[in-house]
Every structure is written in structure tokens, then in C-alpha cells.
Amino acid sequence: MSAVKDKKDIKGDFITIFRENRDRIDSGSAPLMNRFRGEALEHFRQLGLPSDKSEDYRYARIESLFDKDLAHSFSVNKVSFNILDIFNCDIPDLDTNLILLVNGKYYNPKKPLIELEGGIIAGSMAEAAAKMPDLVGKYYNSMAGESDDGLVAMNTAFSQDGVFIYMPEGAVLKKPLQVVNIMIHETDLMAQHRSLIIAEENSSAKLVVCDHTLSASSFLTNSVTEIHAAAGANFSLSKIQNEHNGSAQISHTFIKQKKESSVFTNTISLHGGFIRNNISARLDEEGCENNALGLYLTDKKQYIDNFVRIDHAMPGCQSNQLFKGVLDDQASGSFNGIILVRENAQKTNAYQANNNILLTDDARINSRPQLEIYADDVKCSHGSTVGQLDDNALFYMRSRGIPEREARLMMMYAFAYEVIGRIDVKPLRKRIDDLVNKRLRGELSRCNNCAMNCG
Amino acid sequence: MLKIKDLRVEIEDQEIIKGLNLEVKAGEVHAIMGPNGSGKSTLAAVLAGRDMFRVTGGKVLYNGEDLLEKSPEQRAKEGLFLGFQYPIEIPGVSMVNFLKTAVNELRKHRGQKPLSASDFLKMMREKKELVEIHSSLTNRSVNEGFSGGEKKKNEIFQMAMLEPRLAILDETDSGLDIDALRIVANGVNQLKSKETASIVITHYQRLLDYIIPDFVHVLYDGRLVKSGGKDLALLLEEKGYEWIKEEAES
């Protein structure tokens, strides 16, 4: 590669990479997933990458993320050390609780799919697509395929593997399931994993996803997750984003909810140079509940961007968005929350709040609530605040002998706790509590441990 | 203990304290009275270390050291306590965590070990009885959702927990009913010893029925214009501040 390049033709490059590697991509995946690639690539060719002129990506400079030579890992993982060594101290129960993804691919060749209580199946997306094409085919790409985001199309074209979870009717998973995404490579690398979660009627499970980087290279992750919650299903997804600041990640989460189902997402962003989270939920039948929560604690030049879209398509559903953030140094970011209440979605209750604390004059946040309401009998509210720590409260605490630094930490922590306190897995809440505390104290640089400390 | 010499304080280029002198010795209770806007709260805030005010002249010695050089937390650790006129609500910071941090900072400063959780809770229980503060209040966030009277009682509760050497109470009595007033006064009296001192800032003589001051000062237009014993408070109650103003301006 030449050292100096003109503006890259990113789209062209990716189309070429796809053509040149099609066989490797296909052979490392499953026929069902491969079937979608051609169409997705064509879709990507039409859409391209989101530019800063795109309304949905107004502040996120996506193209700049591709401004480096990124390797793609289409072949089987070759990891030069035993990954289990790193994690065995914290997570003894690897076979049943933990799913490891390394550079976007499922890592446990001996057990590509595991069966848990109540017939719940969890494991490799590619393996599931190969072994259960009828089940997977009913859902795979059904939401992502309708997206007009070029990055989603790119994922469908390139992705070979990811996480698959199937919860049959009435299955209840007592212990939460944990996915650890590890990025480790000698050179800069791009990964695009793809996950599918099928929660059938009245099933219930909690999933924790932790993102980590274990080498200093630059990483770019473009991941897609589709979650289908059938009637009465209850699913919770907590994401802990803790990659190093030389990494960038874009995550797309699509959710479709049927009658009286409940889906909870909580996205906690601690470290990571560039983070963009898209959450798009369609409340497709009556009586659904969706809670979308997020917490971001950023500093230096981190960029955090949460884009949430809740589509109230049917009457009598409830949604609640709560995103809070503390930005230090030159950190910047954006929150965009859309509530769409369609014409017949009467008796909708939809709430949204985005509260930010900027610790410096250089920190920036763009907060954009967008409410589109076409029904008349609804309750909707939104609130967006950007402020500093309350000087009066700081003085009050200091006047009691609490040092300024400690007082600031206590207040930041108090601010964050509104989100942490709603994490429904108690041990996880405690661990995240610790992580957030450490993050605020600047003691969390890179965390090799996962949020779920089973030991 | 406290020596204020010719103190001058400004806020936004307006002089509020205009050459104030006061000496407080250990074992004494001083009451500072005065009409609205005379600078009472400014004096309290400056002594506690609020940085929105600018000291333009004079000095303040606390135990022989320059008080104004020290940070608010340092002053607190050295035994200075300000009872706020308007206590601040701090959502999300629990009373327990707040007080535990404060108490242990204080202990660290004194070279003592931090209190264990059970010792701390025991101490809280004892002090709560002293100020008759409702148990559930200490399970909440600091001052959040407290009534006006509860907030004031909470100031006295914190004072009892921190056991200051010099307590400055800024209109702790305002807005209190007679029972709460008695409790607040009781808290102050309990703290009284040969080693400690209090400055009680108040509008009304009422509080001084319960807290017997050794000295009463009248602050007017940024200066202490009159000092006396507790009789002065009674005189003020009877005659108001007009005669003081006239005296001061003539």
C-alpha cells in the first residue's frame, strides 16, 4: 500500500474485497447466510457508507473510520495464545455460561452449539444456520434486510458468524448468558459479526455482552443483532463496551416485539475511541414494553453516538428511553432518540430522557429528541439536559470535609446510578457498579475481565 | 479560636463586608443579628470557603492559622462547620454514603482509622436520637424531598456527627416551628464545651431563648456596629433595627 493516498473509494474497495474473497467468506459461514450476500452487496453498492450529510449520521464521521488499512479475518481464527488462560480466573463456567467471540467469530470449535435448560440453544450463528436452516431462515435478515443503512447491508454481505440464541416456548434461563467479544490481531482489523436471537412465546433470558480489545492494534467492528421477541417473551440485553480508544465500533440492534413481550436493552459505554449504537425497536403488537437505557462515561477524544428509534406500530404499548452521559476532556457525542407513534397506536405511553454532564468547556454533546406522533390518544414526553456538576452541591459536600475530587466522583456516580440501578441482574449490577466507579476514578484503563464475575 | 480582622468581601464588584472585626474564643457562643442584606450569610459563606466571594482586605485567623488560604474541605477537617441557611439537595448521593465519607475524611485527618460499617451505623443511631430526626430520612439522598424543617434538623444532625470545634449556624432557625427550634437549639447546646465555640446567625431573638449567647453582635451594612450581652438581643426584639441604623449612620 502506498503511504499517501487520495480520498479512498471505500465502497469500491469493499466491493473488490468481497469479490476477491467470496469463496473464503462463504466457506467460513453457512449456505443460509451466504444466500443473502449477493443481494446485500448490491444493496450496499446503492447505499454506500452513511455520510455526514445523512440525517441519521449527522455527527458521526463514519468514512474517517475506514481511513486506514484494515485487514479482514475471513479464515478460521489463528490466535497465537490460549485465550482460555486469560479468562479462566474470572469465568470458570465456560461451557454453560459463556460464549466467546474472537474477532467476530465463535470460539469454541468443540462445542459450536450448547444446549441449556428448557431447550435453549446458544452458540455459533454459522453453525445454527447450517444445522437449523428452517428455524434460522424464518428470522435471519428479516429486519436487517429492510434497513436502508449501508453499514447493515455491508454486514449482511460480509458477516460469517456471530452469536445465535434460541429460546423455545416457555423456556426460562435462570443464569444470564454472557458473550465476550474479543478483538485481538497483530495488525489493524475489521470484524463484522452477526447475531440472531429468537425468543419464542413466554420465554425469558438475560444476555450480557462485553466488548474487549486484547491487542493495541486499531479495530473496527460493524455488528448486527436481530432480536425477535414473541408474545409474552421477556428478553434483556446488557452491553458493556470497553474497548481501547484506538478502536471503533458500530453496532446495529434490531428488535421486533409481539404481543405483551418485554425487551430491555442497556448499553454501557466506558472506553472505545468511536462508538455508534443503533437501536431500532418495532412494537409490532399490542401491550409491548420496551426499555432502552444507556450510560456513557467518556473522556480524551472519545466519540459516543447513540441512535435510538422506537416504532410504536400498535396500540397500548409502552416505551422508555433513558440515556445518561458524563463527558470529560475533549470527548464528544450525540444522542438521537426517535419515538414514532403510528396512526392506530392509541394508548401509547412513550418516554425519553437524555441527560448529560459536560466536565470541560471542550466536551460536546448533541442531543436530538425526535417525536413523530400520528395518533391522538397518547402520552409522550421527552427531556434533554446538558449541564455541569452543581457547584452548590459540590460546595456543600466540601464544607463537610469531603475532598473536591471525591465530591465530584460521588456526584458523577450518583448521576450514573439512575441507569445502573435498573440493571436487572444483581451480580451484574454490582460488577458494573464497580466498573463505573473505577471508570470515573480513571482507574479502568483496559479491562481484561468481563462484567460477569462468576468467581 | 477565630480572629477576624478588618475583613472586606466583594461579590461582583459590590462590597458586602466592609471591615469586620470579631474574635471568638473557645467556650463562647456568639450571636450575630442584623437586618436583611447586612452581610450575615456572606460572612458565614466566606468563613466556610465559598469561592464566589472575593476577599479584598483583612484577614481571618483560625487557631492562629490563615483560614482564607485553606480549601473548604480543609477547614471542615480542622473543625469548622457551616449550618446552611438553605441546605442543598444532592439527588443520588445517599445520606449514609455522604456522612460516612465525611466522617472518615475527618478521622483520617485526625490520624484515626475509618469507622467500620457497624460502628458508623451505631454512631448514626445515637446522633439521630439527639436531633429527633426521622429514621427514614437517613435512607434517602442528601436532603432530597426533605421538608424545610427536616433540612434544618439534618444540618444539626450532620453537626452532631462531625463534632466541630467551631460551628457557624446560618439562620438555622428560620422557618422552624417551636418544636424544631427546641431540637435545633438542643443540638447546639449539646455540642457546647470548653473547647468548642458557636456563631449563631439569626434574625430573631426567639432562638436565643434556647441558646444562651455570651455575646450578641449587630451586623449592619457590612460591619459589626454594636456588640453586647444577651440583653442586646431583647432590646432588638423590642425596638427593631431602626435605631441601630440611625446610630450607625450618624
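Residues numbered from 1 in each chain as written. Chains lettered and ligands numbered in written order. Predicted model: local features only at pLDDT ≥ 70, side-chain atom pairs only at ≥ 80, totals over all residues. Heavy atoms only, no water.

Peer 1: Looking at this structure, I do not really get the overall build of chain B. What am I missing?
Peer 2: Along chain B, the regular secondary structure elements total eight helices and 12 strands. For chain B, the C-alpha radius of gyration of 18 Å lies close to 18 Å, the compact-globule estimate for 250 residues. The dimensions of chain B, computed from C-alpha atoms along their principal axes, are 60 × 40 × 35 Å. Long-range pairs, those at least 24 residues apart, make up 70% of the contacts in chain B with a sequence separation of at least 6. (Helix = DSSP H or I, 4+ residues; strand = E, 2+ residues; numbered from the N terminus. Rg over C-alpha atoms; globule rule 2.2 N^0.38 Å. Contact = heavy atoms within 4.5 Å.)

Peer 1: How should the interface of chain B and chain A be read in this particular structure?
Peer 2: Interfaces are frequently sized by the accessible area removed from exposure as the parts join. Taken residue by residue, the interface counts 29 residues in chain B and 18 residues in chain A. Between chain B and chain A, a total of about 2,000 Å² is buried, with carbon and sulfur atoms accounting for 68% of that surface. When the buried area of chain B at its contact with chain A is split by residue, Arg50, Glu73 and Ile88 of chain B rank highest and sum to 28% of it. At the junction of chain B and chain A, the tally comes to two salt bridges. The interface formed by chain B and chain A holds nine residue pairs in polar contact (both at pLDDT 80 or more) in total. Of all the secondary-structure elements, those providing two or more residues to the side of chain B that touches chain A are α1 (40-48), α2 (72-77), β6 (80-83), β7 (90-94), α3 (95-109) and α5 (148-162) of chain B. A per-element tally of the side of chain B that touches chain A places α3 of chain B first, with five residues. Residue classes in the side of chain B that touches chain A are distributed as 17 nonpolar, seven polar and five charged. (Buried area = accessible area lost by both parts, 1.4 Å probe. Salt bridge = Lys/Arg side-chain N within 4 Å of Asp/Glu carboxyl O. Polar contact = N/O pair within 3.5 Å; in protein donor to acceptor, adjacent residues only side chain to side chain. Nonpolar A, V, L, I, M, F, W, Y, C, P; charged D, E, K, R; others polar.)

Peer 1: Looking at this model, I keep getting lost on the sheet that holds strand β9 (residues 166-170) of chain B. Mind explaining?
Peer 2: Residues and elements named next belong to chain B. Taken together, the six strands give an open sheet; going across it, the order is β6-β9-β10-β3-β11-β12, and neighbouring strands pair in mixed fashion. Strands with a single pairing partner mark the edges of an open sheet, and in this sheet they are β6 and β12 (223-228). On average, each strand axis in the sheet is tilted by 20° relative to the strand beside it, whichever way the strands run. As paired strands, strand β11 (residues 215-220) and β12 are joined by five bridges and run antiparallel to one another. Within the sheet, the bridge partner assigned to Val218 lies in β12 and is Lys226. Against the sheet, α5 touches β6 and β9, its axis set at about 170° to β6. (Pairing = 2+ DSSP bridges. Axes fitted to C-alpha atoms, helices over the stretch in contact; angles between N-to-C directions.)

Peer 1: Any chance you could explain the confidence of the model for chain B here in plain terms?
Peer 2: Should pLDDT be low for a region, the predicted coordinates there are not to be read in detail. Residue and element names in this part refer to chain B. The predicted model of chain B averages 91 in pLDDT, with 100% of residues at 70 or higher. Across chain B, α2 holds the top mean pLDDT of 97, while helix α8 (residues 242-249) sits lowest at 83. Here the predicted complex carries an ipTM of 0.96, next to a pTM of 0.87. (pLDDT = per-residue confidence, 0-100.)

Peer 1: When you look at the pattern of salt bridges in this model, what are you seeing that I'm missing?
Peer 2: When the charged atoms of two side chains lie near each other, side chains of opposite charge can form a pair. Counted according to the given criterion, the structure contains 33 salt bridges over all chains. A salt bridge links Lys151 of chain B to Glu89 of chain B, with the shortest nitrogen-to-oxygen separation between them at 3.1 Å. Of this pair, Lys151 of chain B sits in helix α5 while Glu89 of chain B sits in the loop between β6 and β7, and the two are 62 residues apart along the sequence. Using a relative accessible area of 16% as the deciding quantity, one classes Lys151 of chain B as buried. One salt-bridge network, held together by shared partners, links Lys258, Arg282, Asp284, Asp311 and Arg342 of chain A. (Buried < 20%, exposed > 50% of the residue type's maximum accessible area, 1.4 Å probe, protein only.)

Peer 1: Hey, could you run me through the packing of helix α11 (residues 404-420) of chain A against helix α12 (residues 426-441) of chain A in this one?
Peer 2: Helix-helix packing is described using two parameters, namely the angle between the two axes and the distance between the axes. Residues and elements named next belong to chain A. One way to put it is that α11 packs onto α12 with a least axis distance of 10 Å and a crossing angle of 145°. Both α11 and α12 take part in a crossing whose hand is right-handed. Between α11 and α12, the contacting residues are Arg405, Glu406, Leu409, Met412, Tyr413, Ala416, Tyr417 and Ile420 on the first element and Arg429, Ile432, Asp433, Val436, Asn437, Leu440 and Arg441 on the second. When the residues that make up the contact of α11 with α12 are grouped by side-chain class, the tally is nine nonpolar, one polar and five charged. (Left-handed = near helix turned anticlockwise from the far one by under 90°.)

Peer 1: Would you mind going over the domain arrangement of chain A with me for this structure?
Peer 2: Residues and elements named next belong to chain A. When its domains are assigned, chain A resolves into domain 1 (1-267 + 421-455) and domain 2 (293-388). Counting residues at the interface gives 14 residues for domain 1, matched by 16 residues for domain 2. For the pair domain 1 and domain 2, the summed buried area comes to about 1,400 Å², and 49% of that belongs to carbon and sulfur atoms. Interface area lost by domain 1 to domain 2 is led by Tyr59, Arg422 and Arg439, which between them contribute 40%. Taken together, the connections running from domain 1 to domain 2 amount to two salt bridges. Notably, a salt bridge pairs Arg439 with Asp299, separated by 3.0 Å at the nearest N-O pair. The tally of links from domain 1 across to domain 2 stands at nine residue pairs in polar contact (both at pLDDT 80 or more). For the side of domain 1 that touches domain 2, the elements supplying multiple residues, two or more each, are β14 (262-271) and α12. Among the elements that make up the side of domain 1 that touches domain 2, the one with the highest residue count is β14 (four residues). Residues belonging to the side of domain 1 that touches domain 2 are distributed by class as follows: five nonpolar, four polar and five charged. (Domains from an automatic or database assignment.)

Peer 1: How should the sheet that holds strand β18 (residues 318-327) of chain A be read in this particular structure?
Peer 2: Each strand in a sheet pairs with its neighbour through backbone hydrogen bonds, running either in the same direction (parallel) or in the opposite one (antiparallel). Residues and elements named next belong to chain A. Spatially, β3-β2-β7-β10-β12-β14-β16-β18-β20-β22 is the arrangement adopted by the 10 strands of the open sheet, whose pairing is mixed. Only two strands of the sheet have a single neighbouring strand rather than two, namely β3 (105-106) and β22 (378-387). Here strand β12 (residues 234-242) pairs with β14 via nine bridges, running parallel. Residue pairing in the sheet places Ser236 in a bridge with Phe264 of β14. Against the sheet, α11 contacts β14, β16 (289-298), β18 and β20 (348-358), and its axis sits at roughly 155° relative to β18.

Peer 1: Could you clarify how one ought to interpret the pairing of strand β19 (residues 332-341) of chain A in this entry?
Peer 2: Put simply, side chains in a regular strand alternate between the two faces of the sheet. All names here are of chain A. Taken across its 10 residues, β19 has nine buried, putting it largely inside the fold. Of the strand pairs in this sheet, strand β17 (residues 303-312) and β19 are connected by 10 bridges, and their pairing is parallel. Pairing of Arg309 across the sheet is with Ile338, part of β19. Relative to strand β21 (residues 364-373), β19 runs parallel, the two being bridged by 10 bridges.

Peer 1: So what exactly am I meant to see when it comes to the packing of aromatic side chains here?
Peer 2: What describes a pair of aromatic rings is the distance from one ring centre to the other and the angle between the planes of the rings. Under the counting rule described, the total for this entry stands at 12 aromatic pairs over all chains. Seen from their ring centres, Phe395 of chain A and Phe84 of chain B are 5.8 Å apart, and the 55° between their planes marks the pair as tilted. Here Phe84 of chain B lies in the loop between β6 and β7 and Phe395 of chain A lies in helix α10 (residues 391-398), a pairing that spans two chains. Note on Phe395 of chain A: relative accessible area 7%, which makes it buried. Taken together, the ring pairs in this structure connect Phe14, Phe18, Phe44, Phe66, Phe74 and Phe158 of chain A into an aromatic cluster. (Phe/Tyr/Trp six-rings, centres within 6.5 Å; stacked < 30°, edge-to-face > 60°.)

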